[in-house]
Structures are given as structure tokens and as C-alpha cells.
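# Breakdown of the fold
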Amino acid sequence: LKLSSRETVVESCALSHVGCCGRSPAASMPEDEDEPELVIAEPAEGAGPTHEPFSFNLLSTVQSQQSSNGLRHNDHLRYRQYCSRRLRRLYNVLKFKHGKGRYKQAPFPADFTDVRFLEVPLASAERAWSYGVQLKADNANAASVNAQWRHHSINRFGKAVKWAKFLEQVCKIHADQRTQMEAEAYTAYLEGVYLAEKEDWKEAHGKIVRCRKVCEYLSLASGPNESAFLKAKASELEPLLRECKYNLGLPVDDDDEDKKPAAASAPRDALGLRYRGQGLAIPSDRIKDKLFKCLEFVNDVKVTTEVQEGNAVIEKYGKISVEFGDVMKDIHGEMIKVGADGQTSEWKMLEAFARQHSLSMNLERNLVLLWNHLLKLEPLEDMSTTEARRSCKPEEGMRFCDMLKSDLEGLTEMPEPSEKISSLLTAYVAIVVNCRCLFLALCYTSFGKVLEGAALLDMLHARMDDASLGEGLDDPLGRLHPLFELIYEGMPTRVAKWRCRGLAQMCAGSKAKAKSLEVGGEQRPPGGAGSVQRPGGLADAKSFAAFPPSFRDIPCKPLLFDLAFPLIVQPDIEALLLQKRGKSDESQKGLLGKVAGGVGAVAGGLGSRLSGLWGGRK
């Protein structure tokens, strides 16, 4: 495989604008089709890599570099310049030089120990891609479409595809399986963009579908942070996919082949493990043993409604969380080994089964902690005292509610959803939100903001009847239903109690304020000169802050659209050039005449003196 090792890049701020002569400076840059090429050094016979397979987070590296160097604002010129600088730094630090002054071809090493060698083809591919997008944007913003710019941008996308294929080939030799899958997804995306620009819609559709399939598969075999990032990358492909379907005449809402559930090739497990009504097949005996060990730990844990110490609860559920974490890690590793074309349905269902149990146990732990916090709240009557805050902090209750809401959102994104499960999880989320609102009101009350706390409690009291619980589900979600029922049944009483206490506290505060005014002699007869309204009157009502606050307009940066730019007429500079040229010729002639006159005067003076000298001698 041979690829060009450099591209001509002009670092100038004028590259992103269309010049006055109607040509884009970026498009007028010379093509580098005839530049020297990069070749891979031939390895010795029977010699392979002398290092362990590299683990290179290719997609996340590309995302971080793009967001940090201009693409957050769609500035592809800035990103292309960054790629050029990055490539030069890599050449210097890796001692991968190409001669001094005159170019000297250097083959890409067949074996290396620095993972940054993988960034060389990646930076080159990103530079070519960003150049193609910049040319495409310049052509779209121009007054008329320029065929030369379009051809140039297609060539840049083609060069990016060549570098991506080179990167994929290098990763198959020097990187691990996950990095190879990320390189495959990256190459498929660039190929889809290139084929879409060439209007080869059928091939482009297949490449984009393949890229989305690999990204979704990697999101299942990743941790929470990487999973969210890969799901976002897969969703970013939808506009390009819709464009391909539109040009092919396919229905936009039609499911693709990779999203249709495939028939299971392995026999279902005969031990009764089911995920939302479907049987499971566990291809690995090692994972099966670990999974059954985790299920035994889950069955040993019994939920009680008595007050428990927080450390004891965390320790009891911590062991289960660690075991499930190890099982999930092993499942993800096996999924990467199998690849996106193997027994994907069996591994997806197994991963969903283990993830659902892990999230359910986290939910159960947080529910127990929240229930213990609510039980500590029962004997208290005033949250503003130090003793009350020492026994029960409302901020801790809000933190438990936030963790519960996050886990419930993770359960709603699980595969194979049903209407019953979705409605029950929505009801659970409503209960958690009401609990958080109660603790937020208590936080306001404890810090002396009685009015805000009373407003929140009044709103919460009005919406207590909105949430409703139905029947529970099968395990593991069925273990959560009794705890949610306990919290749901006790919420109206708690909200009513604290609402009455808040109103009583407001009345006590207004009476204390009125008494202080009377003692201070500020109470005057109504209607007299300099009279002061009693607390609670119109003057006091006007000083109250509106809750929630109303919307108001704020100044922001205006959007400027340059509509006159395409109408700018090119100035005629030929007359100016001729006039300037004539002046320069005249000045040159005058200067030469002065020089000749000066030389003649000097020569005449010397001649007269020499003649006088010779005459004197005579």
C-alpha cells in the first residue's frame, strides 16, 4: 500500500475567504497528485511486531482534537492548520524525517514501539478530510457553483480515504481488536462521505450503515462514558443516511438490516435465565459461572424497612457491584473478540441481562439509602436547627435522588423495551422527582429562605395525585417495587406536614416582624403623614419576590448575514498598473539623466584642473 506522505498547506488567514478575483485561495492551491509517495518497509521473513498490541482510542482522540481546534465552530481551516502542525511535530518527535531541504523518501517502519506512529496516518486523513469540507463550504457560499472546487474537494475526500485504509492496515498489525474495530468504523465513515460526494448512493448507504453498526456494537461493549460518546457518534450519521435513502428511493423510517433482530444461531440456555421474556444463550462457561455467582449474591440480600447504617448498606451492596463489574468487563472483552459480525444477538442479550441486574442492584442500594433518610426525617419538626441538620441533611437526600434518576434513565435505554416497563419506569422517575423537590424545599427552609420553601411545598402538594403506581414487574425490577410503594404511600403525609410547618413558620416570622416594628415606634396611624403599612399589607406584598421568576430579554451577540458580498464588483486594476508603470519609467529616466549630468560635471572639472596643471609645468 502506497500513500502520499505530505500535502501542500499554506498557513494563511486568507484561505477561508473567497478572493476578490472570484477564486477561493483554498481551491487555487496546487494539487499534490505528483508528490513523492510513502511506502511501508518490508519486514523480515517470519518477523512480526516486537511489542504487545497497542490500545489506541482512535474515535475519542479524533473527537477531542476536533472539538478543541475549531470544529466546535465549524472552522475547518483552523482544524486543517492544526493537523499540519500536529503532523510536523509527530515527524520531529518520532525521528520520521524526509530529508532536509530536498524531499527524501522514507518508508513507514514495519515495526515500532511508539503508539504515536498510528497518529501519523490519522492526522493525514483528518487534514485531507477537513480540507475537503472547507472547499465544499467555500463552494456552497460562493455566488455560483465552481466545478473546479468541487473536483478538488472530491479529490481531498479520496485522499482521506486512502490514509484511513492505510491506518486500518497498520492497526491490524500493531493494535488490539478494539482499535481495529474503531479503525474500521472510521474508514467506513470516510468512504461513505467520499461516495456520497461522488453521488454513488448505494455504496455510500452500505458504508454508513456499516459504520453505524460498528459504533453501536462498540457502545454496548464499552463503559458508561465511552458508550454515551459512541451512541452520539452513531446518531450523527442519521442525516447522511437519510440523504442516501432519499436518493435511492427508500423509505426514511425503514429499519436497516443491521437493526433487525437476527435469529439466534446458538441454543438457548436451559437454566431458566430470561431477559424481558426472551431466553438467554451463554457461549462462555467462564462467564456463566461468574454470572451465577453474582445471582447467588443477589438472592442472599434481603430488603428490610428498618433504619440501617449507611456504611453497612454500602458494604453489603458493594460486593455485588464489584462482582457485576467484573462480569461486565469479561462480557465486553468477549464481545470485542467476537466482532460485529459474530454471534452478536446472543452477546447483546447477555450484556443487557447483566447490565439490567447491575443497574437494578444500584437502584436498590440507593432506594434503601433514601428510605433510611426519610425515616430519619420523621421525628424532626424544624430543619433550621443544628441538631436537625446533624441527624438528617437534605442535601444528602437530593444526592440520592439524583443517583436514582440517573440509574432509571439507564434502564429506560435498555434494549427490548415494552409499554408496561416504560410506563412503570416513568412513574418511578416521577416519585424520585417529587422526593427531590421535598428535599430541595427543606434545604431552602434550613437556610432561612422560608418563602421559597413554602412555594415549592405548595407546588408539590398540588401535584401529589399525578403519579400512580401499577403492578410490579418480574425480577430484578420486581425487587424495586415494594420500596417505591413505601415511598409513594408516605409522600402525601410528609408533604402536608412540612407544608403546614412552613406556613406556620411564615406566620410566626410576620408576627415577629410586626412586633419589632411596634417596639421600635415605627407603627403610625394609617392615613397620616409618613404612615407605614402594617406587615402583610400592600407594601409588604410588593416587596415579595415573584416565584418562579418571569422571563426577560437579555442582550446577546447579533447574527450578521453579509448579503452584499456576492454583489461586490471586481475592481479594474489594469489602468492603475499602466499608470504606475509609466510613473516608474519617468522616474527612472530622470534619475539616469541626473546621474549622467553629475558624472559629466565631475569629469569636466577634473579635465580643466589637469589641463591647468600641465600648462603650469610648461
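The structure reproduced in this document is the subject of the present report. (Residues numbered from 1 in each chain as written. Predicted model: local features only at pLDDT ≥ 70, side-chain atom pairs only at ≥ 80, totals over all residues. Heavy atoms only, no water.)

It is worth spelling out the overall build of the protein at this point. Along the protein, the regular secondary structure elements total 18 helices and four strands. Considering the protein as a whole, with its 618 residues, one finds that 40% of them fall into the buried category. Of the contacts made within the protein by residues no fewer than 6 positions apart, 74% connect residues no fewer than 24 positions apart. Here the protein has roughly 35,600 Å² of accessible surface; of this, 55% comes from carbon and sulfur atoms. (Helix = DSSP H or I, 4+ residues; strand = E, 2+ residues; numbered from the N terminus. Buried < 20%, exposed > 50% of the residue type's maximum accessible area, 1.4 Å probe, protein only. Contact = heavy atoms within 4.5 Å. Areas by Shrake-Rupley, 256 points an atom, 1.4 Å probe, with all protein chains shown as cover.)

What follows concerns the side chain of Glu351. Mapped onto the secondary structure, Glu351 falls in helix H11 (residues 344-377). Judged by its relative accessible area of 2%, Glu351 is buried. Beyond its immediate sequence surroundings of up to four residues, Glu351 is in contact with Leu220, Met328, Ile331, His332 and Met335.

For the rest of this paragraph, the subject is the packing of helix H2 (residues 76-93) against helix H3 (residues 119-141). Closest axis-to-axis distance for the H2/H3 pair is 9 Å, and the angle between their directions is 160 degrees. Considering their axes alone, H2 and H3 lie roughly antiparallel with respect to each other. For H2 against H3, the interelement crossing comes out left-handed. Seen from H2, the contacting residues are His76, Leu77, Tyr79, Arg80, Cys83, Ser84, Arg86, Leu87, Leu90 and Tyr91; seen from H3, they are Glu119, Val120, Ala123, Ser124, Glu126, Arg127, Trp129, Ser130, Tyr131, Val133 and Gln134. Here the contact of H2 with H3 is built from residues that sort into 11 nonpolar, five polar and five charged. (Axes fitted to C-alpha atoms, helices over the stretch in contact; angles between N-to-C directions. Parallel < 35°, antiparallel > 145°, perpendicular 65-115°, else oblique. Left-handed = near helix turned anticlockwise from the far one by under 90°. Nonpolar A, V, L, I, M, F, W, Y, C, P; charged D, E, K, R; others polar.)

Okay, unusual backbone geometry next. As a rule of thumb, non-glycine residues mostly have phi less than zero, and peptide bonds are mostly trans rather than cis. For Glu199, which is not glycine, the phi torsion reads 65 degrees and is therefore positive. Considering the arrangement of structural elements, one finds Glu199 in the loop between helix H5 (177-197) and helix H6 (201-220). Of the residues examined, Glu199 reaches a relative accessible area of 51% and is grouped as exposed. A positive phi angle is found at Glu416, which is not glycine, with a value near 55 degrees.

It is worth spelling out a nonpolar patch on the surface at this point. Together, Leu451, Leu503 and Met506 line one region of the surface with nonpolar side chains, adding up to about 220 Å² of accessible area. Considering the arrangement of structural elements, one finds Met506 in helix H16 (residues 481-519). Accessibility expressed as a relative area gives 32% for Met506, which makes it partly exposed. (Patch = residues over 30% accessible without salt bridge, like charges linked within 9 Å, V, L, I, M, F, W, Y side chains within 5 Å. Salt bridge = Lys/Arg side-chain N within 4 Å of Asp/Glu carboxyl O.)

This part takes up helix H14 (residues 419-446). If you check H14, its first and last C-alpha atoms are 41 Å apart, about what 28 residues at 1.5 Å a residue would give, namely 40 Å. Immediately downstream of H14, the backbone of Gly448 shows phi near 90 degrees, a positive value. (Expected span 1.5 Å × (residues − 1).)

Turning to its location among the elements, His174 is positioned in helix H4 (residues 147-174). For His174, a relative accessible area of 2% translates into the label buried. Leaving out residues up to four positions away in the same chain, His174 has contacts with Pro49, His51, Glu52, Pro53, Phe54, Ala110, Asp111 and Phe112.

For any two helices packed against each other, one specifies the inter-axial angle together with the distance between the axes. In the contact formed by H3 and H5, the axes pass within 12 Å of each other and the chain directions differ by 25 degrees. As judged from the angle between their axes, H3 and H5 are roughly parallel. Seen from above, H3 lies across H5 with left-handed handedness. Between H3, through Leu122, Ala125, Glu126, Trp129 and Lys136, and H5, the contact on the second element is made entirely by Tyr186, Tyr189, Leu190 and Glu197. Residue composition of the contact of H3 with H5, by class: six nonpolar, no polar and three charged.

A few words on the pattern of salt bridges. Scanning the entire structure with this criterion turns up 23 salt bridges. The closest approach of N and O atoms between Asp330 and Lys290, which form a salt bridge, is 2.6 Å. Separated by 40 residues along the polypeptide, Asp330 in helix H10 (residues 310-338) and Lys290 in helix H9 (residues 285-300) bring together distant segments of the chain. Residue class for Lys290 comes out partly exposed when judged on its relative accessible area of 32%. One connected set of salt bridges, linked through shared partners, spans Lys136, Arg150, Glu197 and Glu199.

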